[in-house]
Amino acid sequence: MRMQISVGGLLLRTPLANASGVLEWSAEAVEKMVSAGAGAVVLKTTTKEYRVGYNRPRVVKVPGGWIVAVGLANPGAEQVSRMVGELKKAARGVPVIGSVAGTSVREFVEVAAKLEEGGADALELNLSCPHFKGGGLEMGQDPATSYEIVNSVASVVKVPVIAKLGLSDKVVEVAVKSLEGGAKALSLINTIRSMKIDVYSKKPVLGYKYGGLGGEAIHPIAVRVIYDVYKETRADIFGVGGVRDWESALELMLAGAKAVQVGSALMDRGEIVISEILRGLEKFLWAEGFESVEEVVGLAHRD
Ligand SMILES: Cc1cc2nc3c(=O)[nH]c(=O)nc-3n(C[C@H](O)[C@H](O)[C@H](O)COP(=O)(O)O)c2cc1C
């Protein structure tokens, strides 16, 4: 079975990757993903300066997933740029995608340039974190701002730029503008702003109060967003949201995703989930008489 697929100019040996934020900054973590069969590795979001992150607790389990408010804790662009080389070595030729955030166009450009300098094979712009004050979805739900950020980054870096978008009323419009700005691919979707309240303390559980919901609960929303965006744009898409087995991965591909990223299920079950999804997909494709995984992309759009 041909599992190779090209997304935004990156040639992936399989259509599976981790989602940003769930992989530690270590060569071992990258090696494990690659050994499990990942076709790309996505780093945690990086900002210009070091960020300590939000107060704990930062994650809470809820029915259907996790609510998370880590607060984009990261060592800062300089430090991450220096680490990329070692992480790339561990990836053994599998593309390493840096993730970029900022609170201004300039910050996005500076961080992107740093990560490219460090050797990142592509850059995913986090236009969608639902709890990043002054950045994330606050910027990324506005089509004009998204255009400006993507366009400014894409005109400075040579590697492919991927716009990671979140749920908003204007997500299709933002997708169109991001592509016009020079994005070679889109990642859809990020976590969805949410909250859990403890009935005994009668207070929000998370240190930041709000968080982003990921996991099974958001899968049908990811399917819908990918379907709508693919219908309008036919763009190369990384599908993200509630992927936990081969069926949920395949559903995102039928909606239009060329590859999928796994977040919450990796937290729940570790890298084995990647190899299981790949085995399940291959078995299904073979049984259905397909020759290549690419053949299923967007199939749900046939009349
Ligand atoms: C612990 C955790 C940390 C995350 N950190 C980031 C991040 O740094 N940047 C980002 O773009 N998305 C981040 N996300 C969102 C995921 O990349 C993904 O978009 C979201 O979790 C939906 O996928 P899932 O349903 O498979 O979890 C994070 C998610 C989790 C669970």
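Definitions and limits used
- Residues numbered from 1 in each chain as written.
- Predicted model: local features only at pLDDT ≥ 70, side-chain atom pairs only at ≥ 80, totals over all residues.
- Helix = DSSP H or I, 4+ residues; strand = E, 2+ residues; numbered from the N terminus.
- Rg over C-alpha atoms; globule rule 2.2 N^0.38 Å.
- Contact = placed C-beta atoms within 7 Å.
- Buried ≥ 20, exposed ≤ 12 C-beta atoms within 10 Å, placed from the backbone.
- Near = placed C-beta within 6 Å.
- Nonpolar A, V, L, I, M, F, W, Y, C, P; charged D, E, K, R; others polar.
- Pairing = 2+ DSSP bridges.
- pLDDT = per-residue confidence, 0-100.
- Axes fitted to C-alpha atoms, helices over the stretch in contact; angles between N-to-C directions.
- Core = buried A, V, L, I, M, F, W, Y, C linked by C-beta atoms within 7 Å.
- Parallel < 35°, antiparallel > 145°, perpendicular 65-115°, else oblique.
- Left-handed = near helix turned anticlockwise from the far one by under 90°.

## A few points about the overall build of the protein chain
- Check the secondary structure of the protein chain and you find ten helices and 16 strands.
- At 18 Å, the protein chain has a C-alpha radius of gyration in line with the 19 Å of a compact globule built from 303 residues.
- Relative to all contacts within the protein chain whose residues are 6 or more apart in sequence, the contacts with residues 24 or more apart total 70%.

## Remarks on the environment of Glu-49
- Here Glu-49 lies in the loop between strand E4 (41-46) and strand E5 (59-62).
- Given 11 C-beta atoms within a 10 Å radius, Glu-49 is considered exposed.
- Distance from Glu-49 to Gly-76, taken between C-alpha atoms, is 4.4 Å for residues 27 residues apart in sequence.

## A short note on the site of the ligand
- Inspection of the region around the ligand gives 29 residues, with Ala-19, Gly-21, Gly-214, Gly-263 and Ser-264 positioned closest.
- Broken down by secondary-structure element, the contributors of at least two residues to the shell around the ligand are E4, strand E6 (65-68) and helix H9 (264-269).
- It is H9 that provides the largest number of residues to the shell around the ligand, a total of three residues.
- Here the shell around the ligand is composed, by residue class, of 14 nonpolar, 13 polar and two charged.

## Topic: the pairing of E5
- As paired elements, E5 and E6 share four bridges and run antiparallel to each other. When the sheet's bridge partners are listed, Val-60 is paired in E6 with Ile-67.

## Some thoughts on the confidence of the model for the protein chain
- Per-residue confidence for the protein chain gives a mean pLDDT of 98, with 100% of residues at or over 70.
- Looking at the elements of the protein chain, mean pLDDT is at its lowest for helix H4 (residues 137-140), recorded as 94, and at its highest for strand E15 (residues 237-240), recorded as 99.

## Comments concerning the sheet that holds strand E10 (residues 185-188)
- Taking strand neighbours across the sheet as the criterion, the eight strands line up as E3-E16-E15-E10-E9-E8-E7-E4 in an open arrangement whose pairing is parallel. The open sheet has two edge strands, strand E3 (16-18) and E4, and neither has a second partner. Geometrically, the sheet is characterised by an average inter-axis angle of 25 degrees between neighbouring strands, direction not taken into account.
- Bridging between E10 and E15 involves three bridges; their strand directions are parallel. Along E15, the bridge assignment pairs Leu-188 with Gly-239.

## Description of the environment of Arg-106
- Within the secondary structure layout, Arg-106 lies in helix H3 (residues 105-118).
- On the basis of neighbour count, Arg-106 is assigned to the exposed category, with 12 C-beta atoms found within 10 Å.
- Linking Arg-106 and Tyr-208, residues 102 residues apart in sequence, is a C-alpha distance of 26 Å.

## Brief notes about the sheet that holds strand E11 (residues 192-195)
- With respect to topology, four strands assemble into an open sheet ordered E5-E6-E14-E11, the strand pairing being antiparallel. On the outer flanks of this sheet lie E5 and E11, each paired with one strand and no other. For this sheet, the mean inter-axis angle between neighbouring strands, taken without regard to orientation, is 40 degrees.

## Considerations on the nonpolar core
- With 105 residues, the main nonpolar core has Val-41, Leu-123, Leu-125, Ile-162, Leu-186, Ile-226 and Val-260 as its most contacted residues.
- It is helix H7 (residues 219-233) that contributes the most residues to this core, seven residues altogether.

## What to know about the pairing of E11
- The side-chain alternation of E11 yields one buried face, formed by Ile-192 and Ser-194, and one unburied face, formed by Arg-193 and Met-195.
- Where E11 lies against strand E14 (residues 210-214), four bridges are found, and the strand directions are antiparallel. When the bridges of E14 are listed, Met-195 appears paired with Tyr-210.

## So, the packing of helix H1 (residues 27-36) against helix H2 (residues 77-91)
- Where H1 meets H2, the closest approach of the two axes is 8 Å, and the angle between their N-to-C directions is 30 degrees. Viewed along their axes, H1 and H2 adopt a mutual orientation that is roughly parallel. As H1 packs across H2, the resulting crossing turns out to be right-handed. Mapping the contact onto sequence places Ala-27, Val-30, Glu-31 and Val-34 in H1 and Glu-86, Leu-87, Ala-90 and Ala-91 in H2.
- When its residues are assigned to classes, the contact of H1 with H2 shows six nonpolar, no polar and two charged.

## Describing unusual backbone geometry
- For the bond running from Arg-56 to Pro-57, omega is -5 degrees, close enough to zero to count as cis.
- By secondary structure assignment, the location of Pro-57 is in the loop between E4 and E5.
- Despite not being glycine, Lys-202 shows a phi value in the positive range, around 60 degrees.
- Structurally, Lys-202 is set in the loop between strand E12 (197-198) and strand E13 (203-204).

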